[in-house]
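Structural overview
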Amino acid sequence: EKIHKKQTKIISYKDWIIQSLKIKQKSIIDNAKYNFFTQKKVLECSLKILKTEELKKFLNFLCYECPGIFDLEVINIISCDKNFTQKFNLIFKEEKIISQVFDCNKYLILDAVDENLNLFSDFDSKIYSNAIFSLDIEILNSPMLLVYGSKDNHFLSNKAFDLIFYLSKVIEKKLIDLV
């Protein structure tokens, strides 16, 4: 009986491979579902953004409606232009802080929040992960950041990177058109 009990704990290599592939396949399918639904949200938001003709309405949609659509705590623009940020209720930060993450190549960063930068210090919710897109410097002739903030690890897996980048480019284009 002892020999029989030991043998039942052993699984064949073939069974292990099959089980491993099932787990990977489930992960791929789950990721595909996530991307499909996120893509749908991104496209719907992009259409609303592109149809908006007034800067104030565009920024209100971006900052107040879009976070709920994407289950985020924050979508906002960070600028060192105090008049612009006050007029449209955006995030003001000193240029030296923005310059620490700003990249002229319009790069998108997905990572855990850098507490030293205090980009989200004005919000009640603790932001754990973020996506940061460097907007075209010529919009206001100073560096600006488009930021997405989440209270969970939303941006640590790099899921939907291309979709976030696409949405960021749509937002940037609309800003160029309206400012």
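Below you will find a few notes about this structure. Just so it is clear, the structure is predicted and the values come from calculations on it, not from any experiment. (Residues numbered from 1 in each chain as written. Predicted model: local features only at pLDDT ≥ 70, side-chain atom pairs only at ≥ 80, totals over all residues. Heavy atoms only, no water.)

A few words on a nonpolar patch on the surface. On the surface, a cluster of nonpolar side chains totalling about 400 Å² of accessible area is made up of Ile11, Tyr13 and Trp16. Here Tyr13 is to be found in helix α2 (residues 13-51). For Tyr13, a relative accessible area of 62% puts it in the exposed group. (Patch = residues over 30% accessible without salt bridge, like charges linked within 9 Å, V, L, I, M, F, W, Y side chains within 5 Å. Areas by Shrake-Rupley, 256 points an atom, 1.4 Å probe, with all protein chains shown as cover. Salt bridge = Lys/Arg side-chain N within 4 Å of Asp/Glu carboxyl O. Helix = DSSP H or I, 4+ residues; strand = E, 2+ residues; numbered from the N terminus. Buried < 20%, exposed > 50% of the residue type's maximum accessible area, 1.4 Å probe, protein only.)

A few words now on the pairing of strand β4 (residues 129-134). β4 sits mainly inside the fold: six of its six residues count as buried. The side-chain alternation of β4 yields two buried faces, one formed by Ser129, Ala131 and Phe133 and the other by Asn130, Ile132 and Ser134. When strand β3 (residues 108-112) meets β4, the two strands line up antiparallel, connected through five bridges. Within β4, the position partnered with Leu110 by the bridge is Ala131. Sheet analysis places β4 next to strand β5 (residues 144-150), joined by six bridges and oriented antiparallel. Bridge pairing in β5 links Ser134 to Leu145. (Pairing = 2+ DSSP bridges.)

The next subject is the pairing of strand β1 (residues 74-79). Of all six residues making up β1, six are buried, and the element is well covered by its neighbours. With burial as the criterion, each face of β1 is covered, one bearing Val74, Asn76 and Ile78 and the other bearing Ile75, Ile77 and Ser79. As paired elements, β1 and β5 share six bridges and run antiparallel to each other. From the neighbouring strand, Ile75 faces β5, where its bridge partner is Tyr148. Here β1 runs beside strand β2 (residues 91-92); their pairing, made up of two bridges, is parallel. In the sheet register, Ile78 faces β2, and the bridge partner there is Ile91. A crossover connection joins β1 to the parallel β2 through helix α4 (residues 82-88); in handedness this β-α-β unit is right-handed. (Right-handed = clockwise from strand over helix to strand, strands pointing away.)

Let us look at the packing of α2 against helix α3 (residues 55-69). Viewed as axis vectors pointing N to C, α2 and α3 meet at an angle of 165 degrees, and their least axial separation amounts to 11 Å. The angle between α2 and α3 places the two elements in the roughly antiparallel class. Once α2 is placed against α3, the crossing between them reads as right-handed. Contacts between α2 and α3 involve Lys41, Cys45, Lys48 and Ile49 from the first element and Phe58, Phe61, Cys66 and Ile69 from the second. Considering only residue class, the contact of α2 with α3 consists of six nonpolar, no polar and two charged. (Axes fitted to C-alpha atoms, helices over the stretch in contact; angles between N-to-C directions. Parallel < 35°, antiparallel > 145°, perpendicular 65-115°, else oblique. Left-handed = near helix turned anticlockwise from the far one by under 90°. Contact = heavy atoms within 4.5 Å. Nonpolar A, V, L, I, M, F, W, Y, C, P; charged D, E, K, R; others polar.)

Turning next to the nonpolar core. Formed by 36 residues in total, the largest nonpolar core has its most connected members in Leu59, Tyr148 and Leu175. Going through the elements one at a time, α2, α3, β1, α4, β3, β4, β5 and α6 (161-178) are the ones with two or more residues in this core. Judged by nonpolar contacts, the second largest core, of 15 residues, contains Ile98, Val101, Leu119 and Ile127. (Core = buried A, V, L, I, M, F, W, Y, C linked by side-chain atoms within 4.5 Å.)

Inspection of the secondary structure puts Asp136 in the loop between β4 and β5. Its relative accessible area of 17% is what places Asp136 among the buried residues. Engagement of the side chain of Asp136 in a polar contact is seen with the backbone nitrogen of Glu138, the distance being 2.9 Å. For Asp136, the contacting residues outside a window of four places in its chain are Lys106, Glu172 and Ile176. (Polar contact = N/O pair within 3.5 Å; in protein donor to acceptor, adjacent residues only side chain to side chain.)

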